[in-house]
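Here is how the chains run, residue by residue.
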Amino acid sequence: MNHSTDTPRDLRSLNAEEAEDLLSGWGHKPYRAKQLLGWLYKRSAASIDAMSDLPQELREQLAAVFSLRPLELAREQCSLDGTVKFLWRLVDGELVESVLIPASIGRDGSQSDRRTLCVSSQVGCAYGCTFCASGLMGYKRNLDASEIVDQVLAVERWRLAKGVELPRREPLVNNIVMMGMGEPLANYDNLIRALEIFNSPWGLNIGARKITVSTSGLAPQIRRLAETPQQYHLAISLHGATDAVRRKIMPINRKYPLEELISACEAYQQAKGRMIWVEYILIDGVNTGSEQVEALSRLAKRLQCKVNLIPYNPVDGIELNRPSDGMVGRFRDALHHDGVRVTVRIEKGTDIDAACGQLRLKSEKIFTSAEALGQAG
Ligand code: SAH
Ligand code: SF4
């Protein structure tokens, strides 16, 4: 049973080993497991019945034990810059979102064919950061691994429904960031299974280096993730460079203060031999003082990490303010002057909450640019 919804387990949480064991246990030939995985993760089948080259008997056996219930698209909003926000309805009626960000220009200014999906891991969030809409909502439930995986598959079905072909028959999403609703490391087992499916050759075959897990700082789970063999990329939502400031805006800091968090980050870097990112939202009058610049600079040097500054994005019902562009620039320059590698996040989809009357036109824009880039490459 699926713990979160009391419905049978969804097939899109099976890994290769389970599929092989299951089908061989039913007396099917080994290649059938490969076929099944192909339908699930390569062809994004929306039902068991659609798996037309599986024997009827096998389809019936599967249907007796598993479900396959695709996410339902509740709403789609397109931004003029090509960003698309999807609101998905889950089996129990809860809603989560994913955001598709097609980057035609990379961070360093080069052309990029990276097409990122920002994926949710929970309905709501228990951690109550004062600046965050998910925190404001509170925690409802964990997403099952299949509900995490299906966000990517559903975007693929959305592309196919629009009849859009990408060059070299690539899937639309080739980069994943676990930066949607929820705290991924608080839903550890489902997260790990979903990442395995994203990353495996029998799954979505997306390189581990193209998969980012963002966390508000669950130190023990960071150490656990460090022990996995895959080179997943880690981003830390820091947002305060001293305990006094961070504690005020991120309650998690009381449980895992900065020293504990930073040493878990060092363990992660050591285990993986790769750099982490630090995300730092700039909130006017809260975490923009010169003592934060100094502490952040020390911390970034210790971790040898990149810092990504994000001007606070106003949320209805939260009384915090975005700093002026001048202040953002000064904060960035001060870090840069100290020798820290720092970027300011280029905002995407800022118009997305406005009425969107030209959905079709705007979503076509993504594919036109993706196609043009594919041909260029
Ligand atoms: N819980 C994880 C994953 C969610 S990621 C985490 O906190 O890292 C969501 C990202 O958006 C985090 O970096 C979060 O700090 C940031 N965020 C939340 N509210 C925001 C806001 N109002 N403006 C800008 N960034 C925000
Ligand atoms: Fe939002 Fe992440 Fe904080 Fe949860 S942990 S409230 S998702 S910023």
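Residues numbered from 1 in each chain as written. Chains lettered and ligands numbered in written order. Predicted model: local features only at pLDDT ≥ 70, side-chain atom pairs only at ≥ 80, totals over all residues. Heavy atoms only, no water.

Draft legend 1. Structural context of the nonpolar core. Grouped together as the largest cluster of nonpolar side chains are 103 residues, with contacts concentrated most on Phe198 and Val307. The two domains that each donate at least three residues to this core are domain 1 (11–65) and domain 2 (72–369). If near-sequence neighbours (up to four positions away) are discounted, Phe198 is found in contact with Ile148, Val149, Val152, Ile176, Met178, Leu204, Asn205, Ile206 and Ile211. (Core = buried A, V, L, I, M, F, W, Y, C linked by side-chain atoms within 4.5 Å. Buried < 20%, exposed > 50% of the residue type's maximum accessible area, 1.4 Å probe, protein only. Domains from an automatic or database assignment. Contact = heavy atoms within 4.5 Å.)

Draft legend 2. Inspection of the site of ligand 2 at higher detail. Neighbouring residues of ligand 2: Cys125, Tyr127, Gly128, Cys129, Phe131, Cys132, Gly135, Gly182, Glu183 and Ser216. Looking at the shell around ligand 2 residue by residue, the class counts come to 5 nonpolar, 4 polar and 1 charged. (Near = heavy atom within 4 Å. Nonpolar A, V, L, I, M, F, W, Y, C, P; charged D, E, K, R; others polar.)

Draft legend 3. Representation of unusual backbone geometry. The phi torsion at Asn205 lies on the positive side, around 60°, for a residue other than glycine. Checked against the element boundaries, Asn205 lands in the loop between helix H6 (188–199) and strand E8 (211–215). Backbone geometry places Gln304, a non-glycine residue, at a positive phi of 50°. Tracing the backbone shows Gln304 in the loop between helix H11 (290–303) and strand E11 (306–311). (Helix = DSSP H or I, 4+ residues; strand = E, 2+ residues; numbered from the N terminus.)

Draft legend 4. Here's a closer look at the pairing of E11. For E11, the tally of buried residues reaches 5 of 6 residues, placing the bulk of the element in the interior. Note: strand E10 (residues 277–282) against E11, 6 bridges, orientation parallel. Looking at E11, one finds that Glu279 is bridged to Asn308. On the question of chirality, the crossover connecting E10 to the parallel E11 by way of H11 is right-handed. Pairing of E11 with strand E12 (residues 342–344) involves 3 bridges; the strand directions are parallel. Residue pairing in the sheet places Asn308 in a bridge with Thr343 of E12. Tracing the backbone out of E11, into helix H12 (residues 325–337) and back to the parallel element E12 gives a crossover that is right-handed. (Pairing = 2+ DSSP bridges. Right-handed = clockwise from strand over helix to strand, strands pointing away.)

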